[in-house]
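Examining the three-dimensional arrangement
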Amino acid sequence: MSDRQNEQRDLIAIGRGFDTWEPPEIDTSVPHSARMYDYWLGGKTHFAPDRALGEAIEQAIPDIKTMARENRTFLGRAVRHLVREAGIRQFLDIGTGIPTGGNTHEVAQAEAPGSRVVYVDNDPIVLAHARALMVSGDQGETAYIHADLRRPEAILAHPALTGTLDLTEPVGLVLVAILMLLRDDEDPRGKVAALLAALPSGSHVVITHPTGDFAPEAMAAVAAKAAQGGMTIVPRTRAQVEEFFAGWELVEPGVAPVMAWRPDGEPPVDPHAAYYWAGVARKP
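So, how was this worked out
Every chain's residues receive numbers from 1 upward, in the order its sequence appears when written. Local features are withheld for residues below a pLDDT of 70 in this predicted model, meaning they are given only at 70 or higher, and side-chain atom pairs are given and counted only at 80 or more; totals for whole chains, interfaces and linings count all residues. Calculation of side-chain values draws on the structure's entire complement of heavy atoms; hydrogens and water are dropped beforehand. Runs of E in the DSSP output that reach at least two residues are strands. Runs of H or I that reach at least four are helices, and both are numbered from the N terminus. By the convention used here, residues are in contact when the closest approach between their heavy atoms is within 4.5 Å. Where accessible areas are quoted, they stem from the Shrake-Rupley method and a 1.4 Å probe; at the residue level, only the protein chains shown are allowed to cover. The nonpolar core is taken to be a set of buried Ala, Val, Leu, Ile, Met, Phe, Trp, Tyr and Cys residues, with the residues joined through side-chain atoms within 4.5 Å. Note on classification: 1.4 Å probe, protein chains only; a residue is buried when its accessible area is under 20% of the maximum for its type, exposed when over 50%, partly exposed between these limits. Note: two strands are recorded as paired if DSSP finds a minimum of 2 bridges between them. For the purposes of these results, a polar contact is taken to be a pair of N or O atoms within 3.5 Å, where, inside protein, one atom must be able to donate a hydrogen and its partner to accept one; residues adjacent in sequence count only when each atom of the pair is a side-chain atom. Pairing of aromatic side chains here covers Phe, Tyr and the six-membered ring of Trp, requires ring centres within 6.5 Å, and sorts the geometry by plane angle: under 30 degrees stacked, over 60 edge-to-face, intermediate tilted. For a lysine, the NZ atom is tested; for an arginine, the CZ atom; a charge sits over a ring if that atom is within 6 Å of the ring centre and within 35 degrees of the ring normal. Convention adopted: a line fitted to C-alpha atoms gives each axis, helices being fitted over their contacting stretch, and angles between N-to-C directions are expressed from 0 to 180 degrees. Should the near helix be turned counterclockwise from the far one by less than a right angle, the crossing is left-handed, whereas a clockwise turn marks it as right-handed. Any residue outside Ala, Val, Leu, Ile, Met, Phe, Trp, Tyr, Cys, Pro, Asp, Glu, Lys and Arg is labelled polar, Gly included; the first ten of those are nonpolar and the last four are charged. Whether a crossover is right-handed comes down to one check: with the strands pointing away from the viewer, does the path from the first strand over the helix to the second run clockwise; if it does, it is right-handed. Helix span, as expected, comes to 1.5 Å for every residue beyond the first. What the arc measures is the spread of directions leading from the helix axis to the C-beta atoms.

The next subject is the overall build of the protein. Along the backbone of the protein there are 11 helices and 10 strands. A separation threshold of at least 6 residues defines the contact pool for the protein, and within that pool the share at least 24 residues apart is 75%. Entry remark: accessible area of the protein is about 12100 Å², with carbon and sulfur atoms responsible for 50%.

Attention shifts here to the nonpolar core. Grouped burial of nonpolar side chains is what soluble globular proteins tend to show. Grouped together as the largest cluster of nonpolar side chains are 84 residues, with contacts concentrated most on F91, L92, I94, L173, L175 and V205. Looking at this core, the element that brings in the most residues is helix α4 (residues 64–84), giving 9 residues. L92 has contacts with V118, V120, I155, L161, L165, V171, G172, L173 and V174, leaving out every residue within four places of it along the chain.

Let us look at the pairing of strand β10 (residues 276–282). Among the 7 residues of β10, 6 are classified as buried, and the element is accordingly described as predominantly covered. Bridging between strand β7 (residues 204–210) and β10 involves 7 bridges; their strand directions are antiparallel. Bridge pairing links H209 to W277 in β10. Examined bridge by bridge, strand β8 (residues 249–250) and β10 share 2 bridges and lie antiparallel to one another. Opposite L250, over in β10, you have A281 as the bridge partner.

Looking at the secondary structure, you find R35 in helix α2 (residues 33–40). Of the polar contacts made by the side chain of R35, one reaches the backbone oxygen of D27; its length is 3.2 Å. Side chain to side chain, R35 and D50 meet in a polar contact 2.9 Å long. Apart from residues no more than four positions distant in its own chain, R35 is found in contact with I26, D27, T28, V30, T45, H46, F47, D50, I98, D123 and I125.

So, about the packing of aromatic side chains. What the rule picks out here adds up to 2 aromatic pairs. Between F74 and W261 the ring centres are 5.5 Å apart and the planes differ by 85 degrees, which places this aromatic pair in the edge-to-face class. Of the two residues, F74 sits in helix α4 while W261 sits in the loop between β9 (256–257) and β10, which places them 187 residues apart along the sequence. For the residue pair F74 and W261, the accessibility class agrees, reading buried in each case. The side chain of R262 reaches across the aromatic face of W261, ending 5.4 Å from its centre.

Let's shift gears to the environment of S203. Within the element layout of this structure, S203 appears in the loop between α9 (188–197) and β7. Taking the relative accessible area as the measure of exposure, S203 reaches 0% and is therefore buried. Between the alpha carbons of S203 and F91 there is a distance of 9.5 Å; along the sequence they are 112 residues apart. Residues contacting S203, with those up to four places away along its chain left out, are E169, P170, V171, W248, A281, R282 and K283. At 2.8 Å, the side chain of S203 forms a polar contact with the backbone oxygen of P200.

All right, on to the packing of α2 against helix α3 (residues 48–60) then. Their axes nearest at 9 Å, the elements α2 and α3 cross at an angle of 65 degrees. Of the two possible hands of crossing, α2 and α3 adopt the one that is right-handed. Contacts between α2 and α3 pair R35, M36, Y39 and W40 from the former with D50, R51, L53, G54, E55, I57 and E58 from the latter. Residues that form the contact of α2 with α3 fall into these classes: 5 nonpolar, 1 polar and 5 charged.

Let us now look at the pairing of strand β4 (residues 116–121). Counting buried positions along β4 yields 5 of 6 residues, so the element is predominantly enclosed. Bridge count between strand β3 (residues 90–94) and β4: 5 bridges; the pairing is parallel. Its bridge partner lying in β4, F91 is registered against V117. Note that the unit made of β3, helix α5 (residues 104–111) and β4 has a crossover that is right-handed. The pairing of β4 with strand β5 (residues 141–146) spans 6 bridges and is parallel. Bridge pairing in β5 links V117 to T142.

With that out of the way, let us pick up α3. In this model, α3 (13 residues) spans 19 Å end to end at C-alpha, consistent with the 18 Å of a helix rising 1.5 Å per residue. Restricting attention to buried positions, one finds in α3 the residues D50, L53, G54 and I57. Projected down its long axis, α3 shows its buried positions confined to an angular sector of 100 degrees, all on one face. Lining the buried residues of α3 we find α2, α4 and α10 (216–228).

The following block contains the structure:
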C-alpha cells in the first residue's frame, strides 16, 4: 500500500459529525487478528482462514477461547475502575476489534452516560461494522477511526479524535491485546510512548499482553503457528510489559495475571490459567 493510500485510509472515520465512511475492501483470503479473536469469543464475523489459524492456535493452547473471554472480562473491570474510581469520562481504545458485547463505550456509558469514546482499528471489517454497532448513547459520543497503531501521530491528529476527545482533560487509553501484533523492530515501546506523551496528567493507560512466562512452550508454538499463517504474535515477559507503562504510577495490584487484576468475586484458583499480563497506570 502506498503512502498516499495509507493517508487516505487514515482519513476514514465514523461518528457524529464525521461522514468520511466508504465501503471497505476486505481481504478474506488471509487471517486477521480481530476476526480470529471474534471467532474465539463466539462471534460470527470471521472467515475460513481466521478459523483455521484460530483452531491451529487452539491445538497449542486448548483453553485459548476461555483466555480470550478472560481478557474481555478484564476490559470491563478496568473501564469500570477508570470511570468509578478515577473519574475518567473519555477513552481512546486502539485495537478495538470486532464490535461485541461489553464494548468500551457500553461499559463506560452504563456508569457515566456522558462518556466519550474513540475507537481505532485497522481491519476493514471492523470499519464495516462500526457504523451499525458502535452507536453512542444520547448523552455521550462515540467515533471510529480506521488507522494503525504503527502511526500514533496520525491517530492523535485525526479530526475524529480531536473533535470527540479533549486532550487537555484526562483520557483512558486502552491497549488490550494489541501490542503483541508489533514486532520489536517496529518499536512498540516508542509507539506507546508517543501516545502517552500526548495525554495530560490524570490520564490512565490499560494494557494486556500475552506472555510465555506461564507456559513458554505453548506460547512459542502459538507464535510459530501465527507466523505460518502470516500473522505476528510476540509474547513478552512481565518485565517487558512493565516497560510499556513508562514511569506512570501503576494501580494496585500492578502488572498482574489478567485473571488476578481486581477480580469480581473470589480470586481465581489458578491466576496463571490465562497467559496474559494486565495492568493499569496513571500519569502523575
